[in-house]
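# Survey of secondary and tertiary structure
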Amino acid sequence: MFDFLTIDFVRHFPVIAVMGLFLCAFLVEIFGAKNKYIRNTIVLVAAFGAFALITSLVKPVLFDGEILAYWMGNWEPVSGYAIGIGYEIDALNMFFALLVVTTILLAAIYSIKYMARDHHLGHYYTLFLMLSGSVLGLVLTGDIFNMFVMIEIMTFASVALTAFRNNKFGSLEAAFKYLIIGSIGSSMTLAGIALLYAQCHTLNMAQISAVLGSGALSPTSICAFALMFAGFGVKSYIVPFHAPAADAYMTAPTSISMVFSGMVNKAGVYGMIRLVYVIFRAMDITPIQLFLVTFGTITMFIGVTMALAQHDFKRLLAFHSISQIGYVITAVSLCTALGLEAGLFHAMNHTLFKGLLFLTAGAVLYAAGTTDLDKLGGLAKKMPKTAVCFLIGAFSISGLPPFNGFASKWMIYQATFEKATTTGNFAYAFVTVVALVVSVMTLASFIKVTQAVFFGQLPANLRDVKEVPLLMRIPMWIMSALCILTGVFYNFVQQHILVPAANAAFGVTKYIDSMMGEGTAAASGISDYAVQGVEGIVSIWNPKLWLILFAIVLIAVFIVILTGDNTRGRVLEKSEEDSEDGKYATFFGGEKSAHSHVSGSDLFWGFKHDFKGYFKFIQGMHSGVVNDYALWVVVGAALIVVFMFATFMFI
Amino acid sequence: MLDIIINTIKNAGFVLVFPGILFVSIAGLLLAGIDRKVLARMQKRKGPPILQPVYDFFKLMGKETIIPHEANKTAFLGAPIVGFVSLVVIMLFLPIAGFEAPFGIEGDLVIILYLLTIPAVALIIGGSASGSPFAGIGISREMVAMMAYELPLVIVLLSVAKVAGGDSLAFSLNTIIDAQAGGELFITKWQLIPAVLAMLLVIPAEVGTQPFDVAEAETEICEGPLVEYSGAPLAMFKLNTAIKMFIMTALFSVLFLGGINLGIEGWYGIVLNVVVLFAACAVLTILCMTLIHAICARLKIEHMFKFYWTVVTALAAISLILVWIF
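No experiment lies behind these values; they were computed from the predicted model shown.

### Comments concerning unusual backbone geometry
Residues and elements named next belong to chain A. Cis rather than trans, the peptide bond between Val239 and Pro240 has omega equal to 10°. Here Pro240 shows up in the loop between α10 (219-236) and α11 (243-251). Phi is positive for Asn74, which is not a glycine, with a value near 55°. Relative to the elements of secondary structure, Asn74 occurs in the loop between β1 (68-71) and β2 (86-89). On the basis of relative accessibility, which here comes to 60%, the residue Asn74 falls in the exposed class.

### Overview of the side chain of Glu150(B)
Along the chain, Glu150(B) turns up in helix α6 (residues 133-165). For the buried Glu150(B), no salt bridge exists, and the shortest N-O distance to an oppositely charged side chain is 9.1 Å, to Lys244(B). Among all residues touching Glu150(B), those that are not within four sequence positions of it are Val440(A), Leu113(B) and Thr117(B).

### Looking at the packing of helix α2 (residues 21-42) of chain B against helix α10 (residues 231-257) of chain B
Residues and elements named next belong to chain B. Interhelical geometry of α2 versus α10 gives an angle of 90° and a closest axis separation of 7 Å. Between α2 and α10, the interaxial angle falls into the category roughly perpendicular. Along the contact surface, α2 presents Phe23, Val24, Ser25, Ala27, Gly28, Leu29, Leu31, Ala32 and Asp35, while α10 presents Leu239, Ala242, Ile243, Met245, Phe246, Ile247 and Thr249. Of the residues belonging to the contact of α2 with α10, the class tally is twelve nonpolar, three polar and one charged.

### Regarding the pairing of β1(A)
Residues and elements named next belong to chain A. Of the two faces of β1, both are covered, the one formed by Leu68 and Tyr70 as well as the one formed by Ala69 and Trp71. Inspection of the sheet shows β1 paired to β2 by four bridges, in the antiparallel sense. Across the sheet, the residue bridging to Ala69 is Glu88, located in β2.

### With respect to the packing of helix α14 (residues 313-332) of chain A against helix α17 (residues 404-423) of chain A
Residues and elements named next belong to chain A. Running from N to C, α14 and α17 cross one another at 40°; their axes reach a closest spacing of 10 Å. It follows that α14 is oblique to α17 by the angle criterion. When the axes of α14 and α17 are compared, the crossing they make is left-handed. Across the interface between the two elements, Gln324, Tyr327, Thr330 and Ala331 from α14 touch Lys409, Ile412, Tyr413 and Thr416 from α17. Partitioned by chemical class, the residues of the contact of α14 with α17 number four nonpolar, three polar and one charged.

About the thresholds
- Residues numbered from 1 in each chain as written.
- Chains lettered and ligands numbered in written order.
- Predicted model: local features only at pLDDT ≥ 70, side-chain atom pairs only at ≥ 80, totals over all residues.
- Heavy atoms only, no water.
- Helix = DSSP H or I, 4+ residues; strand = E, 2+ residues; numbered from the N terminus.
- Buried < 20%, exposed > 50% of the residue type's maximum accessible area, 1.4 Å probe, protein only.
- Lys, Arg positive; Asp, Glu negative; His and termini not counted.
- Salt bridge = Lys/Arg side-chain N within 4 Å of Asp/Glu carboxyl O.
- Contact = heavy atoms within 4.5 Å.
- Axes fitted to C-alpha atoms, helices over the stretch in contact; angles between N-to-C directions.
- Parallel < 35°, antiparallel > 145°, perpendicular 65-115°, else oblique.
- Nonpolar A, V, L, I, M, F, W, Y, C, P; charged D, E, K, R; others polar.
- Pairing = 2+ DSSP bridges.
- Left-handed = near helix turned anticlockwise from the far one by under 90°.

Function cannot be read off these values alone, since they describe shape.
Given below as structure tokens:
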């Protein structure tokens, strides 16, 4: 049935997908500024078109292992030098492109109802489609300057979208911070690219990799490497570049927060993987591995501890985003088969569960009008479907079985501990411990949200909250289903998606050869990494076993439903003395005068008390002053430059 | 077809009888009874009969269940069952008493680590769903307590996994048992002695007995998360606590005592093993729960947290470092 999808035919799809998104961005503004039906149609057609075009590449690229090389305008290399813009799609950027198009599609569906109350939606969708097109282009391109252009479009669309609800407190400030930090990051990337171009006389990533070859890097290339590394670090919000993320995620419309955490910071992660694994082929150098692991570990710890201190739903999720990216970076930087697969898997899962959590946060904001944890409570009664979706997302991110977060985190623990035993380096065992503890803290943090938003007492002003419309629930259900499916059938995911993607990162020669012609890599002395993707990780999946478990849980649920409906469970009647305020409701135990609701931000009192020194320090560091944040970025970049020089000069 | 039926019956037997629901409930309630009796004798009281927790359980099952008006009914009633189910599932992963775990697979150590958090989470969700302010305070403490004991527990498990695996990984309880098969119990390894001590201190916190019962603290916040519970759900929570006593001590015996296997063939061998295992669990209960309970008064939550993240974590970390070096 799909015979017409030959390689030569589908080769054009990625470019069409990117161009389609950009084109529709303008069409929305031209034709859809007044009429919402035209507007929505254009957006949905663009999002669904990109989704269909990219998913039709899954079979040739991921399953059959083809690499699609595409020269824009058929400008093929002249005497071995790439002169045109090339798109090169291997399993690695295919994997990220899949995440991107899924996010675009779901965010577009969600936006229709969620944004309906806002004005100037033409602008919103223009920016949204620009953002989508730029991120898709960023992950698909094989040309490093084209990548920079996409980064620029991405940054400025993100800034404008952050400030989109500019009547809301803090949104302009957030956009300003994003603008400053994002520009510093982009400038560093551009400087790196310029140095690289001066060195290699080409902008094609495959060719840069070939020209840099296997020999020692020149000081110019080292400087370029460090600057680009810092630039992509800013885009993926690893500590110390993370500061603007929290503000931006909090104040942007929630559909955009989901896009930020689902694909914008994944684009940064993709850039890092491509940069370190393929372009500079530096990942088997031990100090680089340790350096990246350190970054990842610090990121996950600082992210989660900052999240514990938050009392805004979306800001809390933002810090968890930072923390989870720390997991991804840690796993990816191990440079083992299991590690890279675990990192990619976690990146994918993060897109799913964090997207889901942002959508539920958006639903809460839509229904209740606030995301302040101290003002919410008891919404599970009013919004049961959203509450179920939230719980699925929360259990996934906390890594409880059988959700997807469990599978990927389990692979990460295993990969780090394996690295510790094979290298004999105790630091990696320490990383395993930190990863496990961060996971517990994540769980605790989400229990706090559960208590503060969905359980606990329903404040009087939220008595007539309604469940969100169906069109907002559909993306949530899709995300929830994906969270469960990728967790349960993780073997399938690993075999058909993660292993090809990991092999693509390890197989540098194939990447170079399919773009620049057979033998290019061999001529410049580049070899693949010694490791290859593995399929047989230690199994946690035994279908019969989980079927039995499922039966037990089903029986338990059945019992709950039965006991829930029987007449013995007597619900206490509301007495006449009760005021409207839930604070004085009738309870079985306790006296009315003793009642005081524990608000969300007080839940970790004991923990915060013991770590008050640390919290004081870390919260003081997050001063909210953009000068401080810019300073962090510059200092972080300087550190990276110094470290890179030290590494490459002395190995 | 016949195979499937036989397998189904067999698996149902594992879940319902041994080592599942029936066995673990009885063992847990008996341990709770022993705990109360010995505690009473330590305080020169006569104490209740050993079967008292069993009587209590059936008494509570027969009482009326009252649900607060503010409560989220499904979560309120569902929480104790979820906790109970996860505890039973842990039992199916534990290769105790020379008995091959029905669910024993590679990597079960991490699964158990995760499943152990679920009863605590269930307690938190249940308390939270009741909407009561006492429960609110209780769950906040339970959460901090969970973070407190999880860190040393993780390090203890890593040390044991490192010893059992040698150069490779051993996140499998069966490998840990096999490594101790020749009578070389891990408790006799000098590198692991700090880990044993740490584990003995983790057990009471995980179960939530005095002095680490900050979350329930009945004299202070009226049993915290349990304050609104009555009747059958309360009975389930009490049962869960009792089962946790058995599971934590049994986990200890798996990690450090080779799961108690006397090596006698035949069904009476298993029975004997189970009896010895129960005796070991009782001794451990008395050692790390009853004794400390009788000696100490309840800690404040911040003191408990500090204690676990300094003393107990240090013990576990010393063990991990020793294991790594030697």
